[in-house]
Amino acid sequence: MRTQVAIIGAGPSGLLLGALLHKAGIDNIIIERQSGDYVLGRIRAGILEQGTVDLLKQVGAGERMQTEGTVHHSIELVFKNQRHAIDVHGLTDGKVVTAYGQTEVTRDLMDARQAAGLPTVYEAGDVSIHYFDSAQPKVRYVKDGQTHEIACDFIAGCDGFHGVCRASVPKASIQEFERVYPFGWLGVLADVPPVSPHAIVYGNHERGFSLCSMRSLTRSRYYIQCAIDDKVEQWSDQAFWDELRLRLDPKLAERIITGPSIEKSIAPLRSFVAEPMRFGRLFLAGDAAHIVPPTGAKGLNLAASDVKYLSDAFVDYYIDKTEAGIDGYSERSLRRVWKAERFSWSLTTLMHRFPDAGGFGQKIQEAELEYLVSSKAASTALAENYVGLPL
Ligand code: APR
Ligand code: PHB
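Computed from a prediction, not measured in an experiment: that's the story for all the values here.

Asks: Please explain the site of ligand 2 as it appears in this structure.
Replies: Within the structure, ligand 2 sits among 14 residues, and Tyr-202, Ser-213, Arg-215, Tyr-223 and Gly-296 are positioned closest to it. Separating an oxygen atom of ligand 2 from a side-chain N or O atom of Tyr-202 is a distance of 2.5 Å. For ligand 2, an oxygen atom lies 2.5 Å from a polar atom in the side chain of Ser-213. Across the complex, the protein chains shield 100% of the 280 Å² of accessible surface that ligand 2 would expose by itself. If you list the elements that add at least two residues to the shell around ligand 2, you get β15 (210-216) and β16 (219-226). Here the shell around ligand 2 gets 3 residues from one element, more than from any other, and that element is β15. Of the residues assigned to the shell around ligand 2, the class counts are 8 nonpolar, 4 polar and 2 charged.

Structure representation (structure tokens):
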């Protein structure tokens, strides 16, 4: 088998890259370790920047998002039992974010790929990548007991944090930067109307962080900060709802509609960047290259900007016959990645209870929150990052 770009991983990065390349007339095959249903079973964040929305529309996968997604003009911060709105729309010359779950984005991209008849190999075993330091890279995998080989011009490593692509790069050629946070997020998905249908609510409380989000007008997503070693079995639905209410301002807490969880999980929080993002003819994109803590919901949006830059680079190569794009890919992506890393780290630091912060740390958080909601300059900086820095 031969293709121009072999894409490893059918998460949002791989699927969106495949769609952008197809639009530009560039052949690609996606090789995914899991089944399609497994990929769709993962619940992740659900806030799309305008740039991400535009890319999904551009590849013809935006229809359902436009009807079922909910536009948010503001966000709300709760601290000291009071709620403060930040008018993101007004502070950014009319920019907004769209609440639409990553699972749905993935489903729409999968459906569009299938409708276009583009090749995706699901349940590929023992995926390995070879010769990416030469002009003839290869991808091997096992399917139905047989080993297959794909010859290609380029490999796109869209295989997430635990994938094979980053792990195949010689250690001496890659530098990793990491921060692990001393707590987790306990998340609950429930078929109840969201308490705040037009703004995500971020809560800072002495008992820990809380977040009120949504997937639709009938499906809510809530989170609370929990201990890093908590087990999900320790948290009954009732205990979760009780704890969430304690961390919000009383008026909002009263309005929360509870119901049985349809998903409940604990996620660790991590900041991670691998540099560079290109090794010969291997390019990393999305979670394969970087992780942000979920505060601010930048993960999917960064994956989208990476693959936009990467598809531009391949278009330069195949259509305009210049290597400038592929040569500049890593630097261009990392500039945007580090800004989103900074934002996600700072919002995480501002909103969570850190075990070693002490009274001083808490007072500094309160001062910063008060400054944030009372200074137009400070809230503009937050809003500008929240809607997404320009591509
Ligand atoms: N071979 C083939 N596929 C693999 C391999 C492998 N060795 N290892 C992992 N994969 C697949 C995973 O099964 C997954 O479907 O790669 C895909 C990577 O998808 P994601 O982890 O969703 O990463 P990405 O597409 O970059 O999306 C980034 O998703 O993870 C969230 O928070 C993240 O929102 C962000 C976005
Ligand atoms: C989510 O809906 O899962 C979500 C929303 C906003 C965030 C993080 C997660 O900042």
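Asks: When you look at the site of ligand 1 in this model, what are you seeing that I'm missing?
Replies: In the vicinity of ligand 1 there are 24 residues, among which Ser-13, Glu-32, Arg-42, Gln-102 and Asp-287 approach most closely. Contact between ligand 1 and Asp-287: an oxygen atom at 2.6 Å from a side-chain N or O atom of the residue. One of the backbone N or O atoms of Leu-300 is found 3.0 Å from an oxygen atom in ligand 1. If you list the elements that add at least two residues to the shell around ligand 1, you get α1 (12-23) and α9 (299-318). When residues in the shell around ligand 1 are grouped by element, the largest group, 3 residues, is from α9. When the residues that make up the shell around ligand 1 are grouped by side-chain class, the tally is 9 nonpolar, 9 polar and 6 charged.

Asks: Explain the pairing of strand β11 (residues 146-151) here, please?
Replies: It is a general feature of regular strands that their side chains alternate between the two faces of the sheet. Summarising the sheet, strand β10 (residues 138-143) and β11 pair through 6 bridges and their orientation is antiparallel. Paired with Val-139 across the bridge in β11 is Ile-150. The turn linking β10 back onto β11 is made up of 2 residues, and Asp-144 within it adopts a positive phi angle of 50 degrees.

Asks: Please explain the sheet that holds β10 as it appears in this structure.
Replies: Through backbone hydrogen bonds, the strands of a sheet pair up, either in parallel or in antiparallel fashion. Read from one edge to the other, the open sheet built from 3 strands follows the order β9-β10-β11, with strand pairing classed as antiparallel. What marks the edges here is a single partner per strand, and that holds for β9 (125-130) and β11. Averaged over all adjacent pairs, the angle separating strand axes in this sheet is 15 degrees, with direction ignored. Where β9 and β10 come together, 4 bridges link them in antiparallel fashion. Within β10, the position partnered with Gly-125 by the bridge is Val-142.

Asks: Teacher, can you tell me more about the environment of Tyr-318 here?
Replies: You can see Tyr-318 is positioned in helix α9. The exposure class of Tyr-318 is buried, given its relative accessible area of 13%. The sequence separation of Tyr-318 and Gln-4 amounts to 314 residues, and the corresponding C-alpha distance is 9.4 Å. Ignoring any residue separated from it by four or fewer positions in sequence, one finds Tyr-318 in contact with Gln-4, Val-5, Ile-26, Asp-153 and Phe-154.

Criteria and cut-off values
- Counting restarts for each chain, with residues numbered from 1 along the sequence as it is written.
- Just so you know, chain letters begin at A and ligand numbers begin at 1, following the order they were written in.
- Local features in a predicted model are, by the rule used here, given only for residues with pLDDT of at least 70; side-chain atom pairs are given and counted only at 80 or more, and totals for whole chains, interfaces and linings are based on all residues.
- Each side-chain value is derived from all of the structure's non-hydrogen atoms; neither hydrogens nor water enter the calculation.
- Residues are classed as near a molecule or strand on a simple rule: at least one heavy atom within 4 Å of it.
- Under the rule applied, a polar contact is a pair of N or O atoms within 3.5 Å (in protein, one hydrogen donor and one hydrogen acceptor; residues adjacent in sequence only if both atoms are side-chain atoms).
- Using the Shrake-Rupley algorithm and a 1.4 Å probe, accessible areas are obtained, with residue cover drawn only from the displayed protein chains.
- Secondary structure is summarised from DSSP: a helix means a run of H or I of at least four residues, a strand means a run of E of at least two, and numbering begins at the N terminus for each.
- Gly is put with the polar residues, along with every residue not named as nonpolar or charged; the nonpolar set is Ala, Val, Leu, Ile, Met, Phe, Trp, Tyr, Cys and Pro, and the charged set is Asp, Glu, Lys and Arg.
- Strands qualify as paired when DSSP identifies two bridges or more between them.
- Helix axes use the C-alpha atoms of the stretch in contact, all axes being lines fitted to C-alpha atoms, and the angles between their N-to-C directions lie in the range 0 to 180 degrees.
- Each residue is placed in one exposure class: buried if its accessible area under a 1.4 Å probe, protein chains only, is under 20% of its type's maximum, exposed if it is over 50%, and partly exposed if it falls in between.
- Contacts are residue-level and defined by heavy atoms, with any inter-residue pair within 4.5 Å sufficient.

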